[in-house]
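# Residue-level structural notes
The primary structure of each chain is shown beneath.
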Amino acid sequence: VLRTILSFAEEMASTSDGLLEAVDYLTDDSGERKPNVRVDNAIAVVERVAKRQGLTPQQIDTLMDYVAGEGKGSVSCRNRVIRCLIPRSTVPHSAVLKALGCMTSLPSSPLQQLLFRWIVLTFDLVDDRGPLHAVYTAVFYFLQMDDLRPTVCQLLCYLTRREDVTEFRVQKIMELQKRVLAFKGTEPPFTALLAVYKTYCPHLVTIPLSTKRKVWRLPHCMKLL
């Protein structure tokens, strides 16, 4: 039994050292071109540790620098790293702010979708959700993007406070909903967001809303464990 415990301790120490080296390598700002094979190996180390024991808040925050940094990695590499961001305990709000801050500069819409899904999936684990409210207007902007709208609506439902419900925003949502209805039919995420708005300011949302239909499910692409 003692030998088993010592072997496990040695393995964990080795894993921790390997993860530290991998994270440092991925986020290195020396400017040197990194061979694809070494990048792939570093991400593989992160994947293995993340799926086994999750990542610490500091590791998540540091790896988000890799995801958010311009020119730091290919779309496929960033995609793999985002899927590795499995929290061991909490998620630092700074990592979420970095994710939201880089949305417009990301080279791929699927990366934006994946990041928004990660934020929604880990929202309850964010260490301080207060600072996230400061970017409410920026998040609201992404309602215009068809591919992102369902997840953005869900995030806005989590972030919305009474002071966020304005006549302008209600009208904007109604305009978008009308446009979507003309091409795709009803879109339940809009209804869910309007229902939250109506809870705070019923005088601004006067239309009848049906909220019986289930709107959101766990994003299947984020089922990593």
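A brief report on the enclosed structure follows. The residue count restarts for each chain, going from 1 along the sequence in the order it is written. Only residues with pLDDT of at least 70 get local features here, since the model is predicted, and only at 80 or more are side-chain atom pairs given and counted; chain-wide, interface and lining totals rely on the full set of residues. Heavy atoms from the whole structure form the basis of all side-chain values; hydrogens and water molecules are not counted.

## Considerations on a negative patch on the surface
- Patch criteria: residues need more than 30% relative accessible area and no salt bridge. Like-charged residues are merged within 9 Å; nonpolar side chains of Val, Leu, Ile, Met, Phe, Trp and Tyr are merged within 5 Å. Under the convention used here, a 1.4 Å probe and the Shrake-Rupley method define accessible areas, while residue burial counts only the protein chains that appear. Salt bridge criterion: a side-chain nitrogen from Lys or Arg within 4 Å of a carboxyl oxygen from Asp or Glu. The sign given to each residue is positive for Lys and Arg and negative for Asp and Glu; His and the chain ends receive no count. Throughout, a charge is located at the NZ atom of Lys, the CZ atom of Arg, the CG atom of Asp or the CD atom of Glu. The grouping of D17, E21, D24, D28 and E32 at the surface amounts to a negative patch.
- Going along the chain from the N terminus, every DSSP run of H or I of four or more residues is numbered as a helix, and every run of E of two or more is numbered as a strand. Counting through the fold element by element, D17 comes out in helix 1 (residues 2-26).
- Since its relative accessible area comes to 46%, D17 is described here as partly exposed. When a residue's accessible area, from a 1.4 Å probe over protein chains only, is under 20% of the maximum for its type it is buried; when over 50% it is exposed; and in between it is partly exposed.

## Looking at the packing of aromatic side chains
- The criterion for an aromatic pair is that two Phe, Tyr or Trp rings (for Trp, the six-membered ring) have centres within 6.5 Å, with stacked assigned to planes under 30 degrees apart, edge-to-face to planes over 60 apart and tilted to the rest. Within the structure shown, the criterion is met by 3 aromatic pairs.
- Their ring planes at 70° and their centres at 5.4 Å tell us that F116 and F142 sit as a pair that is edge-to-face. Highlighted residues: F116 in helix 6 (residues 109-122) and F142 in the loop between helix 7 (136-141) and helix 8 (149-159), separated in sequence by 26 residues.
- Looking at F116, the relative accessible area reads 1%, which means it is buried.
- A residue is classified by how much of its surface remains accessible, and F142, at 5% relative accessible area, is buried.
- Three or more aromatic residues joined by ring pairs make a cluster, and in this case those are F116, Y141 and F142.
- Any Lys NZ or Arg CZ found within 6 Å of a ring centre and within 35 degrees of that ring's normal is scored as a charge over the ring. In this arrangement the basic side chain of R169 is found over the ring face of F140, its NZ or CZ atom lying 5.6 Å from the centre.

## A word on helix 4 (residues 75-84)
- Those residues of helix 4 that sit buried are C77, R78, V81, I82 and C84. Within helix 4, the buried residues cover an arc of 155° as seen down the axis, which keeps them to one side.
- Those residues of helix 4 hidden inside the fold are in contact with helix 2 (36-53), helix 3 (57-68) and helix 6. What the arc covers is the set of directions going from the helix axis to the C-beta atoms. Contact criterion: two residues are considered in contact whenever any of their non-hydrogen atoms come within 4.5 Å of each other.

## A word on the nonpolar core
- Remark: nonpolar core denotes a set of buried residues (Ala, Val, Leu, Ile, Met, Phe, Trp, Tyr, Cys) joined through side-chain atoms within 4.5 Å. Counting residues in hydrophobic clusters, the biggest one holds 66 residues, and the most contacted among them are V46, L115, F116, W118, L143, L155 and Y197.
- Beyond its immediate chain neighbours, meaning those up to four positions away, F116 contacts L100, M103, V139, F142, L148, T151, V152 and L155.

## Concerning the side chain of T151
- As for its position among the elements, T151 is in helix 8.
- Assessed through its relative accessible area of 14%, T151 is described here as buried.
- Residue contacts for T151: discarding those within four places in its chain leaves F116, R117 and V120.

## Quick notes on the side chain of D164
- Relative to the elements of secondary structure, D164 occurs in the loop between helix 8 and helix 9 (167-183).
- Although D164 is buried, it forms no salt bridge, and the closest oppositely charged side chain is R169 at an N-O distance of 4.1 Å.
- Throughout this description, a polar contact denotes any pair of N or O atoms lying within 3.5 Å of each other; where both atoms belong to protein, one of them has to be capable of donating a hydrogen while the other can accept it, and for residues adjacent in sequence the pair is counted only when both atoms sit in side chains. A distance of 2.7 Å separates a polar side-chain atom of D164 from the backbone nitrogen of R161.
- Each residue touching D164, except ones within four places of it in the same chain, is listed here: H133, Y136, L159, R169 and Y197.

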